[in-house]
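# Structural features, examined
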Amino acid sequence: MDNKTIYFDNMDSTQMLEPVFDAMKPYFMEKFGNPASLHQFGLDAEDAVTESREKIAGLLRANPEEIVFSGSATESNNSAIFGVAHEAPKGKHHLIVSKVEHHAVLNVMKLLAKKGFEVTFLNVNREGFVDPDDLKKAIRPDTLLFSVVHGNHVIGTVQDLKALGGVCRDSGVLFHTDAAQSFGKTPINVQELPVDLISMNAHKMHGPKGVGALYIRKGVKVGRLMEGGPQENNRRPGTENVPAIVGMAKAAEISIENLEKDNAYMIKLRDRLIGKMLEIPDTHLNGPRGENRMPNNANITFLYIEGEAILMHLSMRGVYVSSGSACSSIALMPSNVLTAIGLKHEEAHGSIRFSFSKLNTLDEVDRAVDHMKAVAEQLRAMSAFVPSKHSEITGAGQTFYKKKKNEL
Amino acid sequence: MRYSAEYMKHFSSPQNIGEMEDADSTADVLHTGGGCLDKIRIFVKRNGDKVSKINYQCRACSGTIAACSAMSEMVVGMSLTDAGQFQGNQIAEFLGGVPDKKQHSVDLAAEALRNAIDNLTETS
């Protein structure tokens, strides 16, 4: 990246760290064996996977046999929820999930709803938190599983796993959390947290893409999604992606060793950006402030302008972000997270997520704010729909209303 | 599909933006298909039976901004009859193609024009 580039899309993916790449390299061209092979190449590869599993387990205070490597957090989410549903005891056909989930969880739940499970979609408050009392009220005798995203990928809300897990534990309900964003940034200790299943990945913490992991608490029955060989303790067939697994373990190790220092730094970036962005007129912050917000997330709504257009302008200026705008998606639907916290569609359209890593700088924050000010000004200047000129338009479908000039 | 150079040119430096004091007709359109809420206000000036000038304002994504800008250049000099039948695909072609997710943009811009022309016909 050149020094003009400002990459603030670290919740989408992060730049790999040099030590992670170095750790992976031998497993491409030297120790390239299949961990299932019985010869020395196989044993070397198997050792690498075993050591990586022990590292990840150690970081979670779990047992190595409770860790299953996968291809992504999406796969881990699918494995956890479908897998538990597959093994559901008789009479347990109710699932609970929050409305602020990633599609890798929401769409699994929607599919299970079509296949005979009953699913309760839990509301969240304006900051995106699930209220443990709401969870308690939603639990029924036939409830099998509750799933919630730990660190929210859009608005950064960090759920209280202890409180939510406690409710589940008291009721004999399994508890899954999608920690795709939070693993490596928030301490997760399965000895203390009443969580049964945790989905993780590597590429949000400077590791490689194409690898993830699922923690499955000992004793929890999870059916496997695919058939094949006995890899991953019979839980996930297919030859392990050895270099990526090694990279994931290295990235996790570095992240957790430096967690406090890196989080403090990212919080400084985050809070400076939030403070300065909110100086732009007609803006508001989405998600909570303070310690229950992911250290690397800021999500701001810029009223009267459209997020995709903001994103494109920022991109032309070398600032890379993401948007909750409908026009950023093929389906033309705004982010489910932003609408779940009560934003009107128009507010969701004008929202931008700025997400940081430890590789960003305060200078980048200041420059991004300057760029954003200019872009907001430019786009608002072409809008007929800022409040002073605002004209309500209503319609259904792709439609319109028209007025003669003298009525406008 | 990548955005064409023409698309990026019209998005980054949109032409003919702003109100038109002496417009002969105007129309507002809102896209509510799916969750998209792109809005356009279009202003049309005629000279006899031809379009002489188009201006617009919008709260919209890059595709709709580019589509409005391209259209504001394309239809100057066009007969009112042709402008009244103007279609989004004509803008898409002018822009060197648009990704599927931006089809709504070219369709909305064309709809704005057709409605302003319709309004013009009704009031003339």
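Residues numbered from 1 in each chain as written. Chains lettered and ligands numbered in written order. Predicted model: local features only at pLDDT ≥ 70, side-chain atom pairs only at ≥ 80, totals over all residues. Heavy atoms only, no water.

### Focus on the environment of A:Glu118
Note the cut-off: Runs of E in the DSSP output that reach at least two residues are strands. Runs of H or I that reach at least four are helices, and both are numbered from the N terminus.
With respect to the helices and strands, the residue A:Glu118 is situated in strand E4 (residues 118-122). Along the backbone, A:Glu118 and A:Asp142 are 24 residues apart, and their C-alpha atoms lie at a distance of 9.6 Å.

### Some thoughts on the packing of aromatic side chains
Which entries qualify depends on this criterion: Centres within 6.5 Å are what make two rings of Phe, Tyr or Trp a pair, Trp counting through its six-membered ring; a difference in plane orientation under 30 degrees is then read as stacked, over 60 as edge-to-face, and the rest as tilted. Three labels apply to residues, based on accessible area from a 1.4 Å probe with only protein chains included: buried if under 20% of the type maximum, exposed if over 50%, partly exposed otherwise in between.
Scanning the entire structure with this criterion turns up four aromatic pairs over all chains. Ring centres 5.0 Å apart and planes at 75° place the aromatic pair A:Phe8 and A:Phe356 in the edge-to-face group. Here A:Phe8 is found in the loop between strand E1 (6-7) and helix H1 (18-24), whereas its partner A:Phe356 is found in the loop between strand E13 (351-355) and helix H14 (362-381), with 348 residues between them in sequence. Neither A:Phe8 nor A:Phe356 differs from the other in exposure class; each is buried. Residues B:Tyr3 and B:Tyr7 carry aromatic rings whose centres are separated by 4.4 Å and whose planes lie at 20° to one another, so their mutual orientation is stacked. By relative accessible area, B:Tyr3 is classed as partly exposed at 24%.

### Thoughts on the confidence of the model for chain B
Residues and elements named next belong to chain B. The criterion, for reference: pLDDT runs from 0 to 100 and stands for how confident the predictor is about each residue.
Looking at chain B as a whole, the pLDDT averages 93, with 97% of positions reaching at least 70. Helix H5 (residues 103-123) is the least confidently modelled element of chain B, averaging 90 in pLDDT, while helix H4 (residues 88-94) averages 97, the highest of any element. Our summary of model confidence lists the complex with pTM equal to 0.92 and ipTM equal to 0.90.

### A few points about the domain arrangement of chain A
A common way to report how large an interface is uses the accessible area buried once the components associate. Residues and elements named next belong to chain A. Going by this rule: Domains are outlined according to an automatic or database domain assignment. In what follows, residue pairs with any heavy atoms lying within 4.5 Å of each other are defined as contacts. Note on definitions: buried area is the accessible-area loss of two parts on being combined, 1.4 Å probe, summed for both. Salt bridges are defined by distance alone: a side-chain nitrogen of Lys or Arg within 4 Å of a carboxyl oxygen of Asp or Glu.
For chain A, the assigned domains are domain 1 (6-12 + 259-407) and domain 2 (18-257). With centres defined by C-alpha atoms, the gap from domain 1 to domain 2 works out at 30 Å. Contacts between the two partners involve 27 residues from domain 1, matched on the other side by 32 residues from domain 2. Both faces combined, the contact of domain 1 with domain 2 buries some 2,300 Å², and carbon together with sulfur accounts for 57% of it. The interface formed by domain 1 and domain 2 includes zero salt bridges.

### What to know about unusual backbone geometry
A positive phi angle, close to 55°, is found at A:Asp282, a residue other than glycine. One can find A:Asp282 in the loop between helix H10 (259-277) and strand E9 (283-285). With a relative accessible area of 36%, A:Asp282 lands in the partly exposed category. The backbone phi angle of B:Asn16 is positive, close to 60°, even though this residue is not glycine. Of note, B:Asn16 is situated in the loop between helix H1 (5-12) and strand E1 (25-31). Classification of B:Asn16 by relative accessible area gives partly exposed; the value is 26%.

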